[in-house]
Amino acid sequence: MAKPGRKKRKTKRKSQWEQLARLPFSQIARQGKAHLQAGEFKEAIPFLNAALSKNQDTDGLRPFLFRAYLKRSAQLREKAMVKEAGLMLANAEKWLPASTNMAEEDLVEYLSFGPVEKSAALCHAYLKTHDGVSPRLERALAGLLVQSERWDLLDPLPTDSPLLAHAPVVRKALVRMNRGDWEGALEALKGIPRASAFFPLRAFSMAMTRFFKEDEAGLHRALSMIPREFPLFPLAQALRIAPESLTCLWEYPPFSTRDLEALLTHVRCQEIEPAAFLVKRMALAVLPENPRAAMMEIIQYLRAVAGEHRRGDALIIGLIHRLLPGAEGTLLQAKINFYRFENGIVDAARYLQVLDTEFPVQREWNQAASQVLIFTVLRIISEGTEIPALDRMSAPLLRLLGIQSSNQELLLIEMLSQAVTLDPRNESAYRLISQLPRPSREAKRLVEDALEQMAVEFPEDPYPCLALSQLQHEKNAFRKAEAILEEAKRRAPHDARIIDAYVICLLISAQKRVCGNKPHLALEDFEKAQSLCQSRMLPLVTAKRLLFNYDVPGQASLFGPHVIRSPQQWREAVAAAVERLTPFQRLNTLGMIALDMEGAKLPGTRGFSKKLKLLLMNASVDIPMLTSREIRTLLTPLDETLYRLMPCLERAGVYLKHFPGMLQGVNHADIVAVLDAMIAENLLKAARNEIQRRLRTAADRSTVLLEFYLLAVKHLDGRTGSGRTEFQALLDRADQGEREQIRAAARRISQHASDPLKTALTTLDFQYLDPQSAAFPEFDVLTMDEDENWGEDKDFWIDEEMPLAGLPDMLDQIPFDMDLLEGDFPGMLNDQLADMVENAVDELDLRGAPIGFIREMREEMKRQTTGPWVFDLIAKLLDAQNAQELSRESWEFLYGKD
Amino acid sequence: MLQYYLALEISPHASDEEIRKQYLALIRQHPPERDPIRFQEISTAYEKLKDEMTRIRTRVLDPYEANDPEKAMAELIRASGPAKVRVGLKTLMALLAARKG
């Protein structure tokens, strides 16, 4: 389409031409030259053309017009107007001056852009008629030689010309370059100095070698040495900016980071077609021998980019349908659903159903399925995923997951047992199964089987023995535990964990034997424990041994050298035993004895307690010798592994009762752990006093955390009625780091609080402490259950416009007492209900819709429903067979997680 | 997991032994003190492919565990970089001339 005003411009140009033609020749020529000199080539051209049209003797002006066209051509090329530049060059060629009249500058300009053959001919003529060659012309000539390989152009040059000297080397190198042997060419050109006109050729060879060596920095360094006027400069430019544009250098069209950005933009904008095209291209570039495998991987990554929403789902499903129809697409869809894990174990089972597409070899399938099961268990634990009613899942799906019972408590253990069975070398499955709670006998049996298998599979690993011994403890099978620990000791003789476990096992056994009136056997256990234990367990063993003497005075004397007859004698025995220990071990031992005597309410005389008190008083001299870390260890609870040996694990109360001043030895870094222990033991007064003391003496240290503790302790103690204001003021004062510390502390303290403080601490929202928000609305489940008329509600979900005709009639046949329904709902009606759900999905146009959309639709319909949601009832009524046979959409509509 | 194979410059069907051999050869070529980035890349790739169980785990769970999928994709294209073809100067200049035309 013609530009508007084109005719007008043409008329104007014509009139300007007529005006020019009316001017005298000399004036036009002068103005043309003036424009040329001023670099106004576009303006110079009409003047010079007009002048030449007036005067037949053109020799004087031809070179000027030639130059004007050449320069204008260069200008246009700079502006990337290649076609227009070509036209100007063609015009220039019409006014080519005779070689004798040609300026060197014009020749160089022409050689830069002109066609190679014409340039060579022109150059040849010029060199014949001119003596001497300037360095600039030398460089242009070198470029021309590289392009044309017209070595005869060098003939007219003087014999001392450097071009002549370097020409043989360059000719040899060019042969190699044309073969693609860039390293050979570089080797040949190594004698070409930087000052040589051929040096850019050497730089280009260097760039190409760096390009093939993937040396990006070297490539750019070499390319920067190629001057603009050298004919290979455009190639250098392309290599620098967009090497993928030089298509002949690549086996397949490369996929650049710019392409990746474009792909990500299309994905974010939900543009399926261009995204699919780019995925295909990327797959081909990444793995040309198997682009489908590459596409699978790329789409899995794009899942996260597309976003976890309905539109993102639609895009990914669209990509899968377009690029991976068939089994691979089904697999990918199942895998993506498994990653999303919205339906928990159902998604895992569905992925397992199609896993053979990804792992067709049985051995690999087993290993992969084992990984899927472990991952499923970990997600259920970490995310607290709801487990659907197991009787709603089909037997094949449950079988795939290894679930055999309908007991939800066993579910995770059964899945891990299956993982172990599938891949007996999967160490993480064993470790995970040994850490799960095992409340029932069946659970213990499964875990024991798995650990025994692990002990066989990993004959040098002490872990299964340790875990098995713990399990035997739980079953009160101490002799078995001991035998297993013997094996563990054989496997790892220097492992402190095993020695500790062994010592604990012996001490438990000894305790049981004491209770069973077998002190001689108990003594054996004590002696064995004593001989085994290392410094960490020494206080425990010493304490237990001394308590044994106290517990059965006199009896031990039958088998040992010491006879305990009186509290005084016991005191001397204890003093002698703890004397050898370090101050920390001494206090630790005495603390354990005190904890045992006080906590377990051991039978005995008052005299023993008095003696223990005296011993503890004597030990107060040891307190100043303890480090802060040691005091912290004494005040924080004992290790959980000792729970069978001690009446309780918390012992801060025992120490603080006898040594209230020991808190002063705890430094700022350790006090938080100590305060937590005190709060756990309800030592609130002591905690409050200590915090207040520290707040009084705090110099320039930040006290926000301590103040928070004080406030929380006061609330726990019921000593303050203040609401959120004080907490909020503290939070406002805290910086980011302190806020995080407060958040963590609040969570810990909340375990010992009750509502509303508990909720306020858990959420760090202290509005809950306001009197008006303290009362939580209560939901009366009983009232709701007793509402027998819900089915007759006028606002019942279905209205006339809903496409679920026949549903109310169907529902009329369902008895409302759900307890009567268990297993008794007629099979035929069940089939009809399933059909009806399928029809509803069709009517709602949900067939083929993404899962997210189906759920969103259902939630929207639920929101609009004032009565109960009828499909919940249907979901409960459908038997497992019908539930399994539902289509994907119907299943999601009924059972999909919100 | 393709990027790991590409980083190790090895076929997806390579055996444990081949993977280990290639890993050792590559870390000899790219020691950490001279080429820390490449060394890290090689080590990560080896950790993901070192034995059959690890490879299967990577195949099943790696796309889920990728913290930054965009970075993973960028690594994939960087590691893959389609094979370069050795062409001569004349071919390159012909391409340039065709473009000019």
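Parameters and conventions
Residues numbered from 1 in each chain as written. Chains lettered and ligands numbered in written order. Predicted model: local features only at pLDDT ≥ 70, side-chain atom pairs only at ≥ 80, totals over all residues. Heavy atoms only, no water. Phe/Tyr/Trp six-rings, centres within 6.5 Å; stacked < 30°, edge-to-face > 60°. Buried < 20%, exposed > 50% of the residue type's maximum accessible area, 1.4 Å probe, protein only. Helix = DSSP H or I, 4+ residues; strand = E, 2+ residues; numbered from the N terminus. Core = buried A, V, L, I, M, F, W, Y, C linked by side-chain atoms within 4.5 Å. Contact = heavy atoms within 4.5 Å. Axes fitted to C-alpha atoms, helices over the stretch in contact; angles between N-to-C directions. Parallel < 35°, antiparallel > 145°, perpendicular 65-115°, else oblique. Left-handed = near helix turned anticlockwise from the far one by under 90°. Nonpolar A, V, L, I, M, F, W, Y, C, P; charged D, E, K, R; others polar. Salt bridge = Lys/Arg side-chain N within 4 Å of Asp/Glu carboxyl O. Polar contact = N/O pair within 3.5 Å; in protein donor to acceptor, adjacent residues only side chain to side chain.

Engineer: So, the packing of aromatic side chains: which residues are in play, and what are the values?
Structural biologist: Tallying each qualifying case throughout the model produces 12 aromatic pairs over all chains. Pairing Phe338 of chain A with Phe341 of chain A gives two aromatic rings, centres 6.4 Å apart and planes at 75 degrees, and the pair type is edge-to-face. By relative accessible area, which is 0% here, Phe338 of chain A ends up buried. Where Phe375 of chain A meets Tyr64 of chain B, the ring centres are 5.0 Å apart and the plane angle is 80 degrees; that geometry is what we call edge-to-face. Of this pair, Phe375 of chain A sits in helix α20 (residues 362-383) while Tyr64 of chain B sits in helix α4 (residues 52-65), each in a different chain.

Engineer: Describe the nonpolar core, listing the residues and the values that go with them.
Structural biologist: Ranked by internal contacts, the top residues of the largest apolar core, which has 220 residues, are Leu263, Met282, Ile299, Leu302, Leu401 and Phe708 of chain A. Ranked by residue count, the leading element in this core is helix α27 (residues 496-515) of chain A, at 12 residues. Leave out the neighbours within four places in its chain, and Met282 of chain A touches Phe255, Leu260, Leu263 and Ile298 of chain A together with Met73, Leu76 and Ile77 of chain B. Counting 84 residues, the second-largest nonpolar core is a separate cluster that includes Leu52, Ala120, Ala140 and Ala203 of chain A.

Engineer: Help me get a handle on the packing of helix α22 (residues 408-422) of chain A against helix α23 (residues 427-435) of chain A, residues and values and all.
Structural biologist: Each pair of packed helices can be described by the angle between their axes along with the distance between the axes. All names here are of chain A. In the contact formed by α22 and α23, the axes pass within 9 Å of each other and the chain directions differ by 155 degrees. Between α22 and α23, the crossing angle belongs to the class labelled roughly antiparallel. Classified by chirality, the crossing of α23 by α22 is left-handed. Taken together, the residues of α23 that come into contact with α22 (itself represented by Ile413, Leu416, Ser417, Ala419 and Val420) are Ala429, Tyr430, Leu432 and Ile433. For the contact of α22 with α23, the per-class residue count stands at eight nonpolar, one polar and no charged.

Engineer: Describe in detail the interface of chain B and chain A, supporting the description with residues and values.
Structural biologist: Tallying the contact residues gives 39 residues for chain B and 68 residues for chain A. Remark: the boundary between chain B and chain A carries three salt bridges. Of the charged contacts, one joins Arg86 of chain B and Glu183 of chain A as a salt bridge, the two residues approaching to 2.8 Å between their closest N and O atoms. Between the two partners, chain B and chain A, sit 11 residue pairs in polar contact (both at pLDDT 80 or more). Contributions of two or more residues to the side of chain B that touches chain A are made by α1 (2-7), α4, α5 (69-80) and α6 (89-100) of chain B. For the side of chain B that touches chain A, the element with the most residues is α4 of chain B, which contributes 10 residues. Here the side of chain B that touches chain A is built from residues that sort into 25 nonpolar, four polar and 10 charged.

Read these as layout, nothing more, since geometry by itself doesn't imply function.
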